[in-house]
Amino acid sequence: MRQTRRLAALAAMTVLAVALAGCSASEVPPTPAPTSAPDAAAPTSGVATADDGVTTVDEAFGPGCSTLPQGDAPGSAAAMAGLPVAAAVGSNPSLTTLARAISAVPGLAETLNAQQDVTLFAPSNAAFDATRSALGDEAYNALMDDPQQLSTLLSYHVVAQRFDAAGLVRAGTTTELTGGEITIGGTAEAPTLTGGDGTQATVLCGDLPTKNATLFVIDKVLRPAG
């Protein structure tokens, strides 16, 4: 049974890795041909633009940002900015349950860290506590002990395109790696996220930059319809 579950988990991770790679390639729009004169100023390759979803530490917002470690301490906004996203999650004291869930899916942390330009909606420890209360201990523990279910649940919180808060609100919806959607409401200063099952989350700390993703700490675990 343990070997069967491990094989199923590895198969799920293969699908997740392919989805990440495929979505990343397909969802990034091609760069339009320049229309200005050849000697006109043009953005240098690699320089962030207003619509690329890349943020800075100073742009992080939300009531939960004040609870992060300060300065350059591990788990601080400044420290996370230099880490790939799964490593950043692992350093954040408000995301320890999410970090354990990611670690429970073989290869998921490595897959997330290897991606470029993604968005992660990161349920806080309190969000997972609320899910435990809603499901009951037995169902919750079964979920957390099942790598295949966790892979599906966690990939529903990943978008294969990098958004900042303003970009999320403009988009109105995001397509998750599971194929479901999350509806975005509110404002750029206070966005809301509604999963397919109707659960609405608010952003505790948003526009957190990591090396390869923009991270939003949210107060609910989101689930697709059905």
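Procedures and definitions
- Residues numbered from 1 in each chain as written.
- Predicted model: local features only at pLDDT ≥ 70, side-chain atom pairs only at ≥ 80, totals over all residues.
- Heavy atoms only, no water.
- Helix = DSSP H or I, 4+ residues; strand = E, 2+ residues; numbered from the N terminus.
- Polar contact = N/O pair within 3.5 Å; in protein donor to acceptor, adjacent residues only side chain to side chain.
- Contact = heavy atoms within 4.5 Å.
- Buried < 20%, exposed > 50% of the residue type's maximum accessible area, 1.4 Å probe, protein only.
- Disulfide = S-S within 2.5 Å.
- 1 Å grid on protein atoms, 1.4 Å probe; cavity = no way out; pocket = protein on both sides within 12 Å on 5 of 7 lines; lining within 4 Å.
- Points joined across faces, edges and corners; volume = space filled by probe spheres on them.
- Nonpolar A, V, L, I, M, F, W, Y, C, P; charged D, E, K, R; others polar.
- Core = buried A, V, L, I, M, F, W, Y, C linked by side-chain atoms within 4.5 Å.
- Arc of directions from axis to C-beta.
- Pairing = 2+ DSSP bridges.

The name given to the chain in an unreviewed UniProt entry is Fasciclin domain-containing protein, with the source organism recorded as Pseudonocardia alaniniphila.

Undergrad: Which parts of the structure should I look at to understand unusual backbone geometry?
TA: Glycine aside, residues mostly have negative phi, and peptide bonds are mostly found in the trans state. For D117, which is not a glycine, the phi torsion comes out positive at approximately 60 degrees. Turning to its location among the elements, D117 is positioned in the loop between α5 (108-114) and β1 (118-123).

Undergrad: Looking at this structure, how should I read the side chain of T55?
TA: Within the secondary structure, T55 is located in the loop between α1 (2-27) and α2 (77-81). In terms of polar contacts, T55 uses its side chain to reach the backbone carbonyl oxygen of D207, at 2.8 Å. Beyond its immediate chain neighbours, meaning those up to four positions away, T55 contacts D164, D207, L208, P209 and T214.

Undergrad: Mind showing me how you'd approach helix α4 (residues 96-104) here?
TA: Helical geometry: 3.6 residues make up each α-helical turn, so side chains three or four residues apart lie on a common side. For α4, the set of buried residues is T97, L98, A99, A101 and I102. In this structure, the buried side of α4 is in contact with α3 (85-91), α5, β1, α6 (125-135), α7 (137-144) and α8 (147-155).

Undergrad: Could you clarify how one ought to interpret the state of the cysteines in this entry?
TA: Each disulfide consists of a covalent bond between the sulfur atoms of two cysteine residues. All told, the structure shown has one disulfide when counted by the stated rule. The disulfide bridge from C65 ends at C205, spanning 2.0 Å between sulfur atoms. Judged by the sign of its S-S torsion, about 100 degrees, the bond between C65 and C205 is right-handed. Placement of the pair is C65 in the loop between α1 and α2 and C205 in strand β6 (residues 200-209), with a sequence separation of 140 residues.

Undergrad: So what exactly am I meant to see when it comes to the environment of A109 here?
TA: By the secondary structure assignment, A109 is in helix α5. With 10 residues separating them in the primary sequence, A109 and A99 have C-alpha atoms 8.8 Å apart. Discounting chain neighbours no more than four positions away, the residues touching A109 are A86 and I102.

Undergrad: Any chance you could explain empty space enclosed by the protein here in plain terms?
TA: Over the atoms a probe the size of a water molecule is rolled, and this reveals where empty space is left. Scanning the model with the defined rule gives one cavity of 30 Å³ or more in all. Around the largest cavity sit 12 residues that line it, and L112, L120, L154, S155 and V158 are the ones nearest its centre. Every element with two or more residues in the lining of the largest cavity is listed here: α4, α5, β1 and α8. Its residues assigned to classes, the lining of the largest cavity comprises 10 nonpolar, two polar and no charged.

Undergrad: Teacher, can you tell me more about the nonpolar core here?
TA: For soluble globular proteins, the rule of thumb is that nonpolar side chains tend to be buried together. V89, L98, L208 and L215 are the most contacted members of the largest nonpolar core, which totals 36 residues. The contact partners of L208, leaving out residues within four places of it in the chain, are T55, A60, L68, A77, M80, A213, T214, L215 and V217.

Undergrad: I tried to follow α6 on my own but got confused; where do I start?
TA: Residues of α6 that are buried include every one of N125, A127, F128 and T131, and no others. In a view along the axis of α6, the buried residues occupy a sector of 160 degrees, so they form one face of it. Away from its buried face, by an angle of more than 90 degrees, α6 presents the exposed residues A126, S133 and A134. In the core, the buried residues of α6 are packed alongside α4, β1, α7 and β7 (213-218). G136 lies just past α6 and shows a positive phi near 90 degrees.

Undergrad: Is there a simple way to think about the pairing of strand β5 (residues 190-194) in this case?
TA: Successive side chains on a regular strand alternate, one facing one side of the sheet and the next facing the other. Alignment of strand β4 (residues 181-187) against β5, held across five bridges, turns out to be antiparallel. Across the sheet, T187 pairs through a bridge with A190, a residue of β5. Remark: two residues form the turn of the hairpin made by β4 and β5, two consecutive strands paired antiparallel. Relative to β6, β5 runs antiparallel, the two sharing three bridges. Bridge pairing links L193 to A201 in β6.

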